[in-house]
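# Structural description and commentary
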Amino acid sequence: MKFGQNPKKEWRSSAELENRFNGLNRRLNRLMILDHVWHQLIGNKAKFWVLKAVKDDTIYVQVKISVARNELIARRQQLIKELNKHFEQPWIGKIEIQ
């Protein structure tokens with residue numbers, strides 16, 4: 001440590017460490033749950049509907065063929081409803097198709 005520098009904060013307990021990373025932990029858990037549930041819900045359509053990104057309440061799905069795109073458009077609201085069942089509070093609001 002150089003003169004005049006503030007010392008690095010050291011954690012004194014696991015509770016301090018948990019508080020510091022709790023938000024990140026929650027976000028990672030939600031993403032893992034979303035990925036798992038997504039693959040369970042869509043089943044063999046996973047080769048046509050690829051979950052690409054999540055931003056705020058929107059998930060972005062890449063669709064490989066136009067027939068699959070039409071089916072996703074038709075099932076969009078049902079999928080949102082089914083996905084939100086797995087979270088404490090409704091999280092997914094929109095599905096954007098790429």
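A word on the packing of aromatic side chains. Applying the stated criterion to the full structure yields two aromatic pairs. Look at Trp 38 and Trp 49: their rings are 6.5 Å apart centre to centre, the planes differ by 45 degrees, and that puts the pair in the tilted class. Of this pair, Trp 38 sits in helix α1 (residues 14–42) while Trp 49 sits in strand β1 (residues 49–55), and the two are 11 residues apart along the sequence. Of the residues examined, Trp 49 reaches a relative accessible area of 1% and is grouped as buried.

It is worth spelling out the pairing of strand β3 (residues 94–97) at this point. As a general feature of sheets, a regular strand has side chains that alternate between the two faces. Judged by which residues are buried, β3 turns out to be one-sided: Ile 95 and Ile 97 face inward and are buried, whereas Lys 94 and Glu 96, on the alternate face, are not. Bridge count for strand β2 (residues 58–63) against β3 is four bridges, and the pairing is parallel. Looking across to β3, one finds that Tyr 60 is bridged to Glu 96. Between the parallel pair β2 and β3, the chain is carried across by helix α2 (residues 66–84), and the sense of this crossover is right-handed.

Note on soluble globular proteins: their nonpolar side chains tend to be buried together. Core analysis: the largest hydrophobic core is formed by 18 residues, its most contacted members being Trp 38, Trp 49 and Leu 72. Elements supplying a minimum of two residues to this core: α1, β2, α2 and β3. Sorting elements by how many residues they give to this core places α2 first, with five residues. Aside from chain neighbours lying at most four places away, what touches Leu 72 is Trp 49, Val 61, Val 63, Leu 79, Ile 95 and Ile 97.

On to the pattern of salt bridges. One pass over the full model with this rule turns up three salt bridges. Residues Lys 45 and Glu 71 are paired through a salt bridge, measuring 3.4 Å at the closest nitrogen-oxygen approach. A residue pair is termed long-range when its members are at least 10 positions apart, and Lys 45 in the loop between α1 and β1 and Glu 71 in helix α2 qualify at 26 residues. Take Glu 71: its relative accessible area is 30%, and that puts it in the partly exposed class.

Basis of the calculations
Residues numbered from 1 in each chain as written. Predicted model: local features only at pLDDT ≥ 70, side-chain atom pairs only at ≥ 80, totals over all residues. Heavy atoms only, no water. Phe/Tyr/Trp six-rings, centres within 6.5 Å; stacked < 30°, edge-to-face > 60°. Helix = DSSP H or I, 4+ residues; strand = E, 2+ residues; numbered from the N terminus. Buried < 20%, exposed > 50% of the residue type's maximum accessible area, 1.4 Å probe, protein only. Pairing = 2+ DSSP bridges. Right-handed = clockwise from strand over helix to strand, strands pointing away. Core = buried A, V, L, I, M, F, W, Y, C linked by side-chain atoms within 4.5 Å. Contact = heavy atoms within 4.5 Å. Salt bridge = Lys/Arg side-chain N within 4 Å of Asp/Glu carboxyl O.

Without other data, these values stay purely geometric and don't point to any function.
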